[in-house]
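Spelled out, the chains give:
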Amino acid sequence: MTRFLTGSAAALMLSAATIACAGQSDDGGRKVHAPGNPILADGEYYSTDPAPFVFDGKLWILAGRDEAPEGVNDFIMPEWQLLETSDPASGEWVHYPAIARPHDVFDWAEKGRAYAGQIVKGLDGRLYFYAPVMEKDSDAKDRFAIGVAVADSPTGPWHDAHPSGPIISQRVPVANTIQNIDPTVLVDDDGRVYLYWGTFGQLRGVELEPDMMTPKGDIVTVDSLTGFFEAPWLMKRKGTYYMLYAGNKAGPDSECTPAVYHACIAYGTAPSPLGPWTYRGVVLKPVSSTTSHPGVAEFKGHYYFAYHTADAKGGGPFRRSVAVDEMTFDDSRTPAAINLVTPTKRPGPAPEPTRNIAPEAQAFASNQPIPVQYWIKALNDRKARKAPLPPEMWGNWSGDNPASEWIEYRWEKPVTVNGSRIWFFADQPAGSGIGVAPPAQWQLFYWDGSDWAEILTPDAYPGGSGTFLDVSFPPVKTRCLRAVLTASGDGKSHAGMGVEEWEVLTPEAKKPGTAPVTPMAPCE
Ligand code: FUB
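About the thresholds
Residues numbered from 1 in each chain as written. Predicted model: local features only at pLDDT ≥ 70, side-chain atom pairs only at ≥ 80, totals over all residues. Heavy atoms only, no water. UniProt positions renumbered as here; feature names shortened; annotations may be inferred. Near = heavy atom within 4 Å. Polar contact = N/O pair within 3.5 Å; in protein donor to acceptor, adjacent residues only side chain to side chain. Nonpolar A, V, L, I, M, F, W, Y, C, P; charged D, E, K, R; others polar. Helix = DSSP H or I, 4+ residues; strand = E, 2+ residues; numbered from the N terminus. Contact = heavy atoms within 4.5 Å. Core = buried A, V, L, I, M, F, W, Y, C linked by side-chain atoms within 4.5 Å. Buried < 20%, exposed > 50% of the residue type's maximum accessible area, 1.4 Å probe, protein only. pLDDT = per-residue confidence, 0-100. Phe/Tyr/Trp six-rings, centres within 6.5 Å; stacked < 30°, edge-to-face > 60°. Lys NZ or Arg CZ within 6 Å of the ring centre and 35° of its normal. Pairing = 2+ DSSP bridges. Domains from an automatic or database assignment. Buried area = accessible area lost by both parts, 1.4 Å probe.

- As named in an unreviewed UniProt entry, the protein is Glycosyl hydrolase family 43, taken from Altericroceibacterium spongiae.
- Under the heading Sequence similarities (unreviewed entry), UniProt records this for the protein: "Belongs to the glycosyl hydrolase 43 family."

Section: the site of the ligand
Okay, so step 1: The environment of the ligand is formed by 13 residues, the closest being Asp49, Asp182, Glu230, His293 and Arg320.
Okay, so step 2: Between the ligand and Asp49, the relevant distance is 2.4 Å, taken from an oxygen atom to a side-chain nitrogen or oxygen of the residue.
Okay, so step 3: One nitrogen or oxygen atom from the side chain of Arg320 is found 2.8 Å from an oxygen atom belonging to the ligand.
Okay, so step 4: For the shell around the ligand, the class distribution of residues is six nonpolar, three polar and four charged.

Description of the side chain of Arg385
Okay, so step 1: By the element assignment, Arg385 lies in the loop between β25 (362-365) and β26 (394-395).
Okay, so step 2: What Arg385 contacts, discounting residues up to four positions off in sequence, is Glu392, Trp423 and Glu500.

Some thoughts on the nonpolar core
Okay, so step 1: Of all hydrophobic cores here, the largest spans 48 residues; its most connected members are Trp158, Leu244, Phe305 and Met327.
Okay, so step 2: If we skip the residues at most four places from it in the chain, Trp158 touches Ile99, Ala100, Val105, Ile119, Leu127, Tyr128, Phe129, Ala149, Val150, Ala151 and Ser153.
Okay, so step 3: In this structure, Phe424, Phe473, Trp502 and Val504 belong to the second largest nonpolar core, which totals 38 residues.

Overview of unusual backbone geometry
Okay, so step 1: Along the chain, Asn37 connects to Pro38 via a cis peptide bond; the corresponding omega equals -5°.
Okay, so step 2: Its place among the elements puts Pro38 in the loop between β2 (30-33) and β3 (48-55).
Okay, so step 3: In this structure, the amide linkage connecting Gly275 to the following residue, Pro276, adopts the cis form with an omega of 5°.
Okay, so step 4: Here Pro276 is to be found in the loop between β17 (264-270) and β18 (278-284).
Okay, so step 5: At Ala231, a position not held by glycine, the phi torsion is positive, near 55°.
Okay, so step 6: By the element assignment, Ala231 lies in strand β15 (residues 228-237).

Topic: the confidence of the model for the protein
Okay, so step 1: Summing up the model confidence of the protein, the mean pLDDT is 94 and the portion of residues at 70 or higher is 96%.
Okay, so step 2: When the criterion is pLDDT under 50, residues 1-21 qualifies, and its contacts beyond four places in sequence or with other chains add up to 35 contacts.

Structural notes on the packing of aromatic side chains
Okay, so step 1: Under the counting rule described, the total for this entry stands at 22 aromatic pairs.
Okay, so step 2: Centroid distance Tyr303 to Phe329: 5.0 Å. Interplanar angle 70°. Geometry classified as edge-to-face. Here Phe329 lies in strand β22 (residues 329-330) and Tyr303 lies in strand β20 (residues 302-309), a separation of 26 residues in the sequence.
Okay, so step 3: What makes Tyr303 buried here is its relative accessible area of 13%.
Okay, so step 4: Grouped by ring-pair contacts, the aromatic residues Phe75, Tyr115, Phe144 and Phe318 constitute a single cluster.
Okay, so step 5: Geometry around Phe329 places Arg237 over its ring, the cationic atom sitting 3.9 Å from the centre.
Okay, so step 6: Its end group placed over the ring of Trp406, Arg482 keeps NZ or CZ at 3.7 Å from the ring centre.

A look at the pairing of strand β4 (residues 58-64)
Okay, so step 1: In terms of burial, β4 is largely enclosed, as six of its seven residues are buried.
Okay, so step 2: Here six bridges tie β3 to β4, and the two strands are oriented antiparallel to one another. Across the sheet, Phe55 pairs through a bridge with Lys58, a residue of β4.
Okay, so step 3: Between the end of β3 and the start of β4, which pair antiparallel, lie two residues, with Asp56 showing a positive phi angle near 60°.
Okay, so step 4: The pairing of β4 with strand β5 (residues 80-85) spans six bridges and is classified as antiparallel. Directly across from Ala63, in β5, lies its bridge partner Gln81.

Some remarks on the sheet that holds strand β6 (residues 92-100)
Okay, so step 1: Strand order in the open sheet made by the six strands is β1-β2-β6-β5-β4-β3, with antiparallel pairing throughout. For this open sheet the edge positions go to β1 (23-24) and β3, each flanked by a neighbour on one side alone.

Description of the domain arrangement of the protein
Okay, so step 1: As far as domains go, the protein holds domain 1 (7-338) and domain 2 (354-510).
Okay, so step 2: Counting from both sides, the interface comprises 14 residues of domain 1 and, opposite them, 12 residues of domain 2.
Okay, so step 3: Carbon and sulfur atoms supply 73% of the area buried between domain 1 and domain 2, which totals about 950 Å² over both sides.
Okay, so step 4: Remark: the boundary between domain 1 and domain 2 carries two residue pairs in polar contact (both at pLDDT 80 or more).
Okay, so step 5: A class-by-class count of the residues in the side of domain 1 that touches domain 2 yields eight nonpolar, six polar and no charged.

Here is the structure:
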C-alpha cells in the first residue's frame with residue numbers, strides 16, 4: 001500500500017513505523033496505524049485468509065488468526081477477526097480480534113480450525129458468514145464442513161443460520177470424498193446466489209436458494225482452471241465472472257511457481273456463474289508464505305486485492321499476515337484481463353551491513369530440472385529455519401540419488417570472498433544411504449578464469465546439519481563459486497542432500513544488494 005502515499009506522507013509514516021499506534025475505537029476495536037503491508041505487522045496478532053467486503057460505507061476484511069508457536073508447522077487457528085477502514089490508502093484501520101470462534105457459533109463444530117471464510121450481504125440485507133469448521137460428531141474421513149452463520153453487523157453476534165449442521169460436508173448435500181473448505185459466495189445482480197469451494201485441486205460449485213444456504217440443482221466440478229489448488233474467490237465485473245485461486249502448477253516452465261507447496265494466485269473467467277471456466281493467467285506471484293489466498297472487493301471506485309504473506313515480525317507459513325494492494329484491469333482485452341498485482345510493503349528499518357553477498361548472486365545446481373518439491377532460490381533467501389517445509393530448501397532427493405551434486409552462485413561481476421557458511425537439511429543421520437542426510441563431505445571451488453580451482457581452508461570443512469557450518473580461507477576473486485557435495489551412503493545407495501541456506505562472505509561488511517533478474521552466464 002505504500003504506493004498510495006505521497007512522498008512526505010511516506011516519510012512521516014516511516015518515522016512512525018516503529019511506533020505501534022494502537023488505541024480504542026468507539027465500538028471496541030483497536031485502532032491500528034499501518035504504514036503499508038502487512039496491516040498487522042508486529043507479530044502480536046497474525047491474520048490470514050483475507051475475505052474483503054463492503055458494509056456501511058467501510059471496507060472490511062474478514063481474516064483467520066494463525067497462532068502456531070514458532071517452529072510448529074500446523075494451522076493453529078482458533079478464531080476469526082476483522083479489519084475495517086474508510087480509506088485503505090490512509091493506513092488507518094480498526095482491528096476487531098476474536099469476532100467468532102467455531103464452537104461458539106456452531107453447536108456441531110469443534111474448537112479450532114477457523115479456516116478461510118467469507119461474509120456476504122444476503123438478499124434479505126443481513127450478513128451471511130460461510131465458515132469452514134470441523135464437525136465434532138461425524139464419521140466422515142475428513143470432518144471439514146461449511147457452516148453458515150448470520151448477523152446484522154460484521155462484528156456479530158453471529159448465530160448459526162442452519163443449526164441442523166453444515167450445508168456442505170462429506171455427507172451433505174451429496175456424499176463426496178474431498179476436503180470441504182475455502183467457500184466463496186457471489187450474490188449475482190439478478191438475485192441468484194452461487195457458492196464455490198474446495199482445496200487439494202478439487203473445485204466444486206453450486207447455486208444456492210435465496211435463503212443463502214440451501215443448495216439448488218447439481219453440483220459442478222471445475223477442472224479447466226489450470227493448476228487450481230485451493231482458495232477460490234468468485235467475483236463479477238462488467239458482466240464477466242472471475243475466479244481467482246491459489247494455483248501451484250509446478251515445474252521449470254510454470255508461469256505460476258517452479259515449486260509445489262508454493263502458490264501463485266491465478267485466475268480464470270466464465271460467461272456465466274457456473275462456467276464454463278477458462279484459465280487466463282497469474283494475478284500474484286508466490287509470496288513469502290507457502291500458502292497464498294486471494295480476496296477482492298470494489299470500494300470507492302477501486303478494486304482492492306487482499307492476500308497474506310509471512311512478512312510480519314516472526315512470520316512464517318503458519319504465522320501469516322494480511323496485506324492489501326490495488327488491483328487493476330486491462331479493459332482493452334475481451335474479457336478484461338486482471339493486471340499482475342505488485343505487492344507492496346511497509347517501510348522497514350535500513351538493512352544492516354553484511355558480509356553475505358550470496359543474495360546478489362543467482363543460484364544454479366547440477367540437478368536441473370530441480371525436483372518440484374525443492375526451490376533453488378531458497379539457497380540465498382537469507383532464511384534458515386529450524387523446521388523448514390520442503391520448498392524452503394534446495395535438494396536432490398529423487399529415490400535414486402547420485403554420489404555427488406553441486407550448487408553454484410554466479411555474480412554479475414567478479415567478487416572477492418574469504419568465507420562461507422552452509423546449512424544442510426537432514427531427516428536421516430550422518431552416514432545414511434537413504435532419505436536426506438548430511439553430505440559425507442563438501443568442498444568449495446572457484447572459477448579462476450580458466451578452470452575450477454579448489455578452495456583450501458586452514459581447517460577441515462566441518463560436517464553436520466541443522467546449523468550453519470563455517471569456513472574461512474584466504475581471499476579469492478571470482479564470478480562463480482561452487483559447493484561440491486559428496487553424498488553419504490554405502491557405495492550402493494546414496495542419501496539425498498538438502499541445503500537450506502548458503503552464505504558467501506566478503507572481507508568487509510557492506511549494504512546488502514539484490515540478485516540481477518536476467519540469467520547469469522556460466523563461467524567457462
Ligand atoms: O488457513 C488455512 C488454509 O490455508 C486455507 O483454508 C487455505 O486457503 C490456505 O490459505
